[in-house]
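Each chain is listed here by its residues.
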Amino acid sequence: MARSNDEGPAARAAEARAGSPFLGPAEAAHYLGLSERTLREYRSKGTGPEFRRHGNKLRYHVDDLIAWSRRPRRAGDDA
């Protein structure tokens, strides 16, 4: 499915929920408006959204991405 860079968060959430609520790293990064590299760095530092492994696949649940993006942030936070 082709994606537009100008989709808003609500459109991205609806698209994600229309299929599986689990997104791979590329889709999760797109949903959050981050690069895959930035999401990977946050994951390695433990500052990114919750993730899980399904077999050998890394997956993010849409609800965890929403919770992470809405969390209060302090000055100097990496993520």
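In what follows, the structure referred to is the one given above.
These numbers come from a predicted model, not from an experiment.

Trainee: So what about the packing of helix H2 (residues 25–32) against helix H4 (residues 62–70)? Which residues, and what values?
Mentor: It is the contact of H2 with H4, at a shortest axis distance of 11 Å, that shows an interaxial angle of 40°. Compared by their axis directions, H2 and H4 come out oblique. Along this stretch, H2 crosses H4, giving a crossing that reads as right-handed. The residues of H4 that touch H2, namely those facing Ala28, Tyr31 and Leu32, are Val62, Leu65, Ile66, Trp68 and Ser69. Tallied by class, residues from the contact of H2 with H4 come to seven nonpolar, one polar and no charged.

Trainee: Kindly report on the pairing of strand E3 (residues 57–61), identifying the contributing residues and their values.
Mentor: In the sheet, strand E1 (residues 22–23) pairs with E3 via two bridges, with the strands oriented antiparallel. Bridged to Phe22 within E3 is His61. Here strand E2 (residues 52–54) pairs with E3 via three bridges, running antiparallel. Its bridge partner being in E3, Arg53 is matched across the sheet by Leu58. The hairpin turn running from E2 into E3, its antiparallel successor, is two residues long, and Gly55 in that turn takes a positive phi close to 70°.

Trainee: How would you sum up the sheet that holds E3? Please name residues and give values.
Mentor: Across the sheet, three strands lie side by side as E1-E3-E2; this open sheet has antiparallel pairing. Each edge of the open sheet carries a strand with a single partner, namely E1 and E2.

Trainee: Tell me about H2, and please be specific about residues and values.
Mentor: All of the buried residues along H2 are Ala28, Ala29, Tyr31 and Leu32. Along the axis of H2, the buried positions cluster into a sector of 160°, meaning they face one direction only. Of the residues trailing H2, Gly33 is marked for its positive phi of about 75°.

Trainee: Quick rundown of the packing of aromatic side chains? Include the residues and the values.
Mentor: All chains considered together, the criterion is met by two aromatic pairs. Residues Tyr42 and Trp68 carry aromatic rings whose centres are separated by 5.8 Å and whose planes lie at 45° to one another, so their mutual orientation is tilted. Separated by 26 residues along the polypeptide, Tyr42 in helix H3 (residues 36–45) and Trp68 in helix H4 bring together distant segments of the chain. Geometrically, the ring pair formed by Phe51 and Tyr60 is tilted, given 6.1 Å between the ring centres and 50° between the ring planes. Above the plane of the ring of Phe51 lies Arg43, whose end atom (NZ or CZ) is 5.9 Å from the centre. In this arrangement the basic side chain of Arg71 is found over the ring face of Trp68, its NZ or CZ atom lying 4.3 Å from the centre.

Conventions and cut-offs
Residues numbered from 1 in each chain as written. Predicted model: local features only at pLDDT ≥ 70, side-chain atom pairs only at ≥ 80, totals over all residues. Heavy atoms only, no water. Axes fitted to C-alpha atoms, helices over the stretch in contact; angles between N-to-C directions. Helix = DSSP H or I, 4+ residues; strand = E, 2+ residues; numbered from the N terminus. Parallel < 35°, antiparallel > 145°, perpendicular 65-115°, else oblique. Left-handed = near helix turned anticlockwise from the far one by under 90°. Contact = heavy atoms within 4.5 Å. Nonpolar A, V, L, I, M, F, W, Y, C, P; charged D, E, K, R; others polar. Pairing = 2+ DSSP bridges. Buried < 20%, exposed > 50% of the residue type's maximum accessible area, 1.4 Å probe, protein only. Arc of directions from axis to C-beta. Phe/Tyr/Trp six-rings, centres within 6.5 Å; stacked < 30°, edge-to-face > 60°. Lys NZ or Arg CZ within 6 Å of the ring centre and 35° of its normal.

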